[in-house]
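For reference, the chains in residue letters:
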Amino acid sequence: AGQRRRSMTAASSEWDRLGNIHYQRRHLYSFDDVSVHGSNSAAAVNGGAFAVLSTAGKSTNVADSALDSTQRAQQHFTVYSSSGHHLCDIAYHSSSDLITFGWTREELLVCVHGDGRVVVHDLQGKVTGDTYPLRGAKNGDEALARCKVWERGIVAVTTANKIFLVTDVHSSAPKVTQLESPETRESVCALDVKVTSSGGNKVDAEVFFAHGDTVTAAHKSTGSRSQTFGGGKPVALCLSPNGQFLTIFTSLGEMLVVTSDFSRVVSRFDAQSSSLPEQLAWCGSDAAVMYWPTYLIIVGPHGNFITYVYDAPAKLISELDGLRVITSSGHELVSRVPGAVVEMSDSDSSNPAVALQNAVKQHANNLSDVNDSALRVETEIDSAILGCVRAACHEFDTKRQSELLRAAHFGNSYLQRKNRHVDCWALHKTCVMLRILNAVRSPEVGIPLTYAQYCQDGLENLVKRLNIRKQHLLASRISERTKGCQDVIEHWALSNITASSSESDDALLNKIKPKLETLRGASYGKIALAAHRANRHRLVQNLIDMEQNSYAQVSLLISIGADENALFKAIESRDADLIYTTLLNLQRLMTFQDLASLLSRNPQAKALFVAFCKRTDVELLKSFFYSSGETAKGGQALLSQAFCSSARDAEAYVWDEGSATLCAQASMMYGKLKDEFHEKTLDEAQRLIRLGMETHLENALSGIPQKSLAAIVKHFIRNGELKEAQKIRVAFGVSDRHFYWWHASVLASNRDWRALETLASDKNCPLGALALIELGERYGAPKVELAKYLARLPNTRQRAAMFAEMGLEDQSTGEEPHTFATKAAGFFSAES
C-alpha cells in the first residue's frame, strides 16, 4: 500500500476545546488501497496492526449471513500495519459462519466460528491455535448468539443466555469459565469485558452485558450484580480503557456514562438520534465516543461535545490515551493535549519552561535581552528543564521535539547552577526514548506508539513486536542501547532458517554464526530445534558443537532423537549428575530394549545405571539384566530383592508370599544356568517360607526372629512338638545326623542332661562321644555328665589326655566301658 507521512505537528490553533480540556487530531499515515469500515475490520491496541475481511476482492460484512458455502470459501483476511503496509493474507476455510474476529493484546488475530471453533493467527498468517473451546457451550439446538474478542481472550453468549469466558486462546488447551447467567428470557444484546487482575499467566476478568432494561456484571468469584439506569433499554456497551467507566447507549437515543461498580451516573447525553451508533468507543478514559457513518461525537464528562466529520467509513480503536481512527484513506489519532504541551503553547506565559525556550531563541538570534530571559528562569531552572523534557515526550513532530530538547540542553549546560536537583541522565534518556519512538512510528515499521503507551507496554514488549514484524535490524539497535539484544539475534536467526529454503547449510551457518558468536553465554537450543524441524541436519550438528553448556548440549541431542550422542556427551562431561539425568530422560523416552542395547555399548553408563537401580529400583535392575541377557546377574538381583534388609539384619527380613515367589523364580533361573547349589538352596528357601506361612504354624512361629530351617525345628523340639519337627525333617530331607544334632543342642541348651543321655543312648543316634562332649562343654555340663561320654571313647591317648584335663588319672583296667563309667561317676560324685 502506498503511504506518506505528513507532519505530526498540531498547532494550538487547530486544537478543539472540550470544556477546559483541549483535543487534537493528528494525521499519522495515508493510504489509498484499503477498504475499511467498522464491521469488516478489526485492529489491535497500542498502534497495532489491523485486518480487513473480504470476499474475492470485495469487502465483506462479518454479520452477513447470506453468504453461501462458495462465497464463504472465497473469504480471506488481509493484514496491514498501522501505516498501511501489507503484512500477510490469511485464507478463511470453515464450513460454518464466522461469528466475529478481533485482536488480542499480543497482536494475535482470533477468529470465532459458529460451530465453536476458534482459530488464532499471528502477524505472519501462521496458525498458532486451532481449538474448539466453545463447542461445549452448545447443547442441542443451542448456538452462539453473540461473541466478542477482548485483549486476553473471548467472551461468548449462547441463545440460552449462557455466558462463557475463554482465556489462553492461543494455547492447545484454552481455559473456559461459565459465568452466572441472567435470570431472564430476554436475549443479551451487548457485551464487554473488564480485566480485573493480571499476574503472570493468570488473567481475571469481569463481563458486562445488557439484557432487557438491565445491565449486569458477572465475575467467576464474586458472582453477578445488576443495575437499571432508566432512559430506555440498553442496546450498546463500551468500557473505558482503564476499566473505571462504562458507556451505555439506550433505545431512546441517550448515552449514559456510569462507574463500572454501578455506584453513580457520571453524565447523560442526548444524542438526538433514532438510530443506534455503529460503534461506541473511548478517547482515552476522559471522553466517550459515538460513531455514525461519516461523523463521530466526542462527549466530555460535563455534556460538552466535539463533532468530527469523515468522508469515508471508519474503524475506531480505543487507546490508553486517545482514539485511533482508520479509514480507507488514512490513519489518524485523536487525543487529549497533555498539560505539558498546553503550557508550552503560550509563548507569553510566565511558565519557567516557556521562558527557557524563549531564552534559547534569543540566544540563537544573538539578541541583547537573552540575559533578561535567563534571569527569569534562573530561580526555577529545574522545573523549566523538566517542563521542556515532558513536552518533548508527548510531541510527534521531530522538529518540535528538537526545539524542546535544545531548550532543555541549554538550561542543563549553559545555565548551570550548583543546587540543581534534576537527574543528569533525564535528558539523555529522553533523547534515546524519542529516537526509538520516531523509528517505530516511521511508515516502514508502522507502530504509532505514544509516550503513555510506551511507558505502559515497556521496551521489552516493543522489541518483541519488532521481531514479529521481522524488523530485526531496528530491534537489535534498540536492544544494543538497552544491553539486551540476545532475543533479537535469536529471532533473526530463526527467521533466516525458516525462510532460506534454497540456501545450503554451510552458507546459512556462515551467515548466522558471526552474529551468534557476539553473544556471550547464549544458548543455541531454539535455533538448533528450528534447524532440526527444517531438516538441516548438518546445521544442527554445527550449532550443537557451538553450544558451550553441557546440559544444554545434552538436552538438545535428546530432543532431536540423538540418544547415543547425548549419552556420549554426558559421559564426556564427567558430570555424574548430568549422566544420571540423561539416563533417566532416556529411560522415559526409549523402550526398555532400546535402552538396554544402548547401555550395553557404553560400559561406564551401564555401571552407573546398575548402581543407581541397586539403590532405588531392584525391579528395574532385574528387567534390565533380563533384556541384556545377563541371567546370572538377574538372579543376584532377585536374591537382593527377596532377602533385602535395610538394617542388614536377619530380623528385618520379610518372609511372605512375595519372598517365596522371588526365591522360586531365582531357583528356576539358576537351574537354567545349571548352578545346582543355588538352585537347590533357593528351592528349599521358598518351601521353608511357604511352610512358615501355613495357618497352623503361623502363630507358633510368630515369635521366632530367624525363620531358618534349624531355628524352626529347634523351636518345635523345645516345645515338645516332636511330631511337627519330624514332619519338617521328612519334608526337607534333613539327615539323621543334622536332626539329632539339633535335638541334642536344644536339650543341652535347656540343661536337660538326663534327656540328653537318653537321646545319646538311642541306637539310631549317629552322634559320637566327642560331639556330645562338645555340647556339654558349650553349655556348662557338670563333670559327672561329661564323664559319661568320656567313657565311651576308645582307650587311646586322646581319652587319657581328656581324663588328665579333668584331674582324673586314666587307669586302663580292661573293664567294660559301662563298668568304668560307673566307677568314674562315683569318683566325681565323691569329689563334688
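Preceding block: the structure.
Conventions used here
- Residues numbered from 1 in each chain as written.
- Predicted model: local features only at pLDDT ≥ 70, side-chain atom pairs only at ≥ 80, totals over all residues.
- Heavy atoms only, no water.
- Helix = DSSP H or I, 4+ residues; strand = E, 2+ residues; numbered from the N terminus.
- Buried < 20%, exposed > 50% of the residue type's maximum accessible area, 1.4 Å probe, protein only.
- Salt bridge = Lys/Arg side-chain N within 4 Å of Asp/Glu carboxyl O.
- Expected span 1.5 Å × (residues − 1).
- Pairing = 2+ DSSP bridges.
- Axes fitted to C-alpha atoms, helices over the stretch in contact; angles between N-to-C directions.

**Q** Would you mind going over the environment of arginine 441 in detail, with residue names and values included?
**A** Here arginine 441 shows up in helix α7 (residues 426-441). Looking at arginine 441, the relative accessible area reads 0%, which means it is buried. In sequence terms arginine 441 and tyrosine 29 are 412 residues apart; their C-alpha atoms lie 9.6 Å from each other.

**Q** Requested: an account of the pattern of salt bridges, with residues and values cited.
**A** Applying the stated criterion across every chain, the model contains 16 salt bridges. Of the charged contacts in the structure, one is a salt bridge between arginine 465 and glutamate 107, with a shortest N-O distance of 3.0 Å. Within this pair, whereas arginine 465 is found in helix α8 (residues 451-468), its partner glutamate 107 is found in the loop between β8 (98-103) and β9 (109-113), the two being separated by 358 residues in sequence. Arginine 778 serves as the salt-bridge partner of glutamate 774, at 3.0 Å between the closest nitrogen and oxygen. Here glutamate 774 pairs with arginine 778, and both are found in helix α28 (residues 769-778), just 4 residues apart, close to one helical turn. On the basis of relative accessibility, which here comes to 41%, the residue glutamate 774 falls in the partly exposed class. By relative accessible area, arginine 778 is classed as partly exposed at 46%.

**Q** Before we move on, can you summarise α7 with the specific residues and values?
**A** In this model, α7 (16 residues) spans 22 Å end to end at C-alpha, consistent with the 22 Å of a helix rising 1.5 Å per residue. Inspection of α7 places Ala426, Leu427, Thr430, Val432, Met433, Leu434, Ile436, Leu437, Asn438, Val440 and Arg441 among the buried residues, and these make up the whole buried set.

**Q** Summarise the sheet that holds β8; cite the residues concerned and give the values.
**A** Spatially, 4 strands are ordered β8-β9-β10-β11 in an open sheet, and the strand pairing comes out antiparallel. Edge positions in the sheet fall to β8 and β11 (127-131), since each has one partner strand and no second. Going from strand to strand, the sheet's axes swing by 10 degrees on average, the running direction of each strand aside. Bridge count between strand β10 (residues 118-121) and β11: 4 bridges; the pairing is antiparallel. The partner of valine 119 across the bridge, within β11, is aspartate 130.

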